[in-house]
Amino acid sequence: MLNCQTVRPPLTKAAIVQAALELLDDVGMDGLTVRALAARLGVKAPALYWHVPSKQALLDEMATQTWRQIGEHMAALDADLPWREVMAEYAWTVRRELLGRRDGAKAFSGTTLTDIVVVRRQETTFGNLVRQGFALEDAVRGLLLVHDFTVGFCVEEQAVAQAMAAGDERYALGRRAELIGPAAPLATRAGRVIFGDPGVRFGELLDLLLSGVERVAPGVS
């Protein structure tokens, strides 16, 4: 007699991580639970713990997959790309990847890379910066500054975008101006920068940040 029972593919860490990323896109950080992920994969939660022993471990794996893609992109850059363009490319790439996932910036903050290959790939970027006159310590501090700025910017950007999409008017310039009133015209005008196009604002702030890196890194031009 023919057995028509559906045969599921074997459960692997890669399959779990991919399903978790898709679940994050669907339900956001608040809805990303081990129980919900197990249901999506058609298994019981204990089956996942063989591969990811906790939600934090799951987030670490998800972040590692994201930073793997970022690292591959950075390692493929021209070895002679000027340092300012290297750091700017890192910032724009991180922003693109984090915004590409619902709650991506919040979900991947405070995570740990689980693949040593991803860490080793940083050697290419550090080597590029050192060849251009950076002391390693200054290169690390510069990239950390760019990294922390980008992640923090994206956390705020995603939160505001989601609030506005849900109908929150607090960020609408007209409503904001009404709430502030005529007594604070400078604060009202400041809103055009604070809540203007986030891509433009990100680029402007990144330029300011990189100018600061240049001033405190002797030997680079």
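What comes next concerns the included structure. (Residues numbered from 1 in each chain as written. Predicted model: local features only at pLDDT ≥ 70, side-chain atom pairs only at ≥ 80, totals over all residues. Heavy atoms only, no water.)

## Here we look at the overall build of the protein chain
How we decide: Here a strand is any run of E in DSSP of at least two residues, a helix any run of H or I of at least four, and the numbering for each starts at the N terminus. The size measure is the radius of gyration over C-alpha atoms, and the globule rule it meets is 2.2 Å times the number of residues to the 0.38 power. Here's how the labels work: a residue is buried when its accessible area is under 20% of the maximum for its type, exposed when over 50%, partly exposed in between, all with a 1.4 Å probe on protein chains only. In what follows, a contact means two residues having at least one pair of non-hydrogen atoms within 4.5 Å. The Shrake-Rupley method, run with a 1.4 Å probe, gives the accessible areas here. Residue values count only the displayed protein chains as cover. Only four residue types enter the charge count: Lys and Arg as positive, Asp and Glu as negative, with His and the chain ends excluded. One atom stands in for each charge, and that atom is NZ of Lys, CZ of Arg, CG of Asp or CD of Glu.
Each helix and strand in the protein chain was counted, giving 12 helices and zero strands. Ordering the α and β elements of the protein chain from the N terminus gives α-α-α-α-α-α-α-α-α-α-α-α. Radius of gyration (C-alpha) of the protein chain: 22 Å, far over the 17 Å computed for a compact globule of 221 residues. Seen through its C-alpha atoms, the protein chain measures out along the principal axes to roughly 80 × 55 × 25 Å. By the burial criterion, 34% of the 221 residues in the protein chain qualify as buried. When contacts within the protein chain are restricted to residue pairs at least 6 apart in sequence, those whose partners lie at least 24 apart make up 72%. Accessible surface computed for the protein chain: about 12,900 Å², of which carbon and sulfur atoms make up 57%. In the protein chain, 24 side chains carry a positive charge and 27 a negative one; their mean positions are 6 Å apart.

## As for the nonpolar core
Worth spelling out the cut-off: In these notes, a set of buried Ala, Val, Leu, Ile, Met, Phe, Trp, Tyr and Cys residues joined through side-chain atoms within 4.5 Å is what counts as a nonpolar core.
With 50 residues, the main nonpolar core has Met62, Met87, Phe108 and Phe134 as its most contacted residues. Beyond its immediate sequence surroundings of up to four residues, Phe134 is in contact with Trp83, Met87, Leu129, Ala139, Val213, Ala217 and Val220.

## Quick word on the side chain of Glu157
By secondary structure assignment, the location of Glu157 is in helix 9 (residues 136–165). Among all residues touching Glu157, those that are not within four sequence positions of it are Arg95, Leu99 and Pro198.

## Digging into unusual backbone geometry
Across residues other than glycine, the phi torsion is negative in most instances, and most of the peptide bonds are trans. Positive phi outside glycine occurs at Asp103, with the angle close to 60 degrees. As for its position among the elements, Asp103 is in the loop between helix 5 (83–99) and helix 6 (104–108). Here Asp103 falls in the buried class, since its relative accessible area comes to 9%.

## What about the packing of helix 5 against helix 12 (residues 198–216)?
As a reminder, the rule being used: Helix axes use the C-alpha atoms of the stretch in contact, all axes being lines fitted to C-alpha atoms, and the angles between their N-to-C directions lie in the range 0 to 180 degrees. Left-handed is the label given to a crossing in which the near helix is rotated counterclockwise from the far helix by less than a right angle, and right-handed is the label when the rotation is clockwise. Ten residues, namely Ala, Val, Leu, Ile, Met, Phe, Trp, Tyr, Cys and Pro, are considered nonpolar, four, namely Asp, Glu, Lys and Arg, are considered charged, and the remaining ones, Gly among them, are considered polar.
Running from N to C, helix 5 and helix 12 point in directions that differ by 145 degrees, and their axes come no closer than 11 Å. The two elements helix 5 and helix 12 meet at a crossing, and its hand is right-handed. Only Pro198, Gly199, Phe202, Gly203, Leu206, Asp207, Leu210, Ser211, Val213 and Glu214 of helix 12 make contact with helix 5, whose side of the interface consists of Trp83, Arg84, Met87, Ala88, Ala91, Trp92 and Arg95. Here the residues of the contact of helix 5 with helix 12 sort into 10 nonpolar, three polar and four charged.

## Some thoughts on the pattern of salt bridges
To keep it simple, the criterion reads: Salt bridges are defined by distance alone: a side-chain nitrogen of Lys or Arg within 4 Å of a carboxyl oxygen of Asp or Glu.
The final tally for this structure, using the stated rule, is nine salt bridges. Taking the shortest distance from any N to any O, the salt bridge between Arg68 and Asp115 comes out at 3.0 Å. Of the two residues, Arg68 sits in helix 4 (residues 55–75) while Asp115 sits in the loop between helix 6 and helix 7 (116–120), which places them 47 residues apart along the sequence. Overall, Arg68 belongs to the partly exposed group, its relative accessible area being 22%. Of the charged contacts in the structure, one is a salt bridge between Asp168 and Arg170, with a shortest N-O distance of 2.6 Å. The exposure class assigned to Asp168 is partly exposed, which follows from its relative accessible area of 23%.

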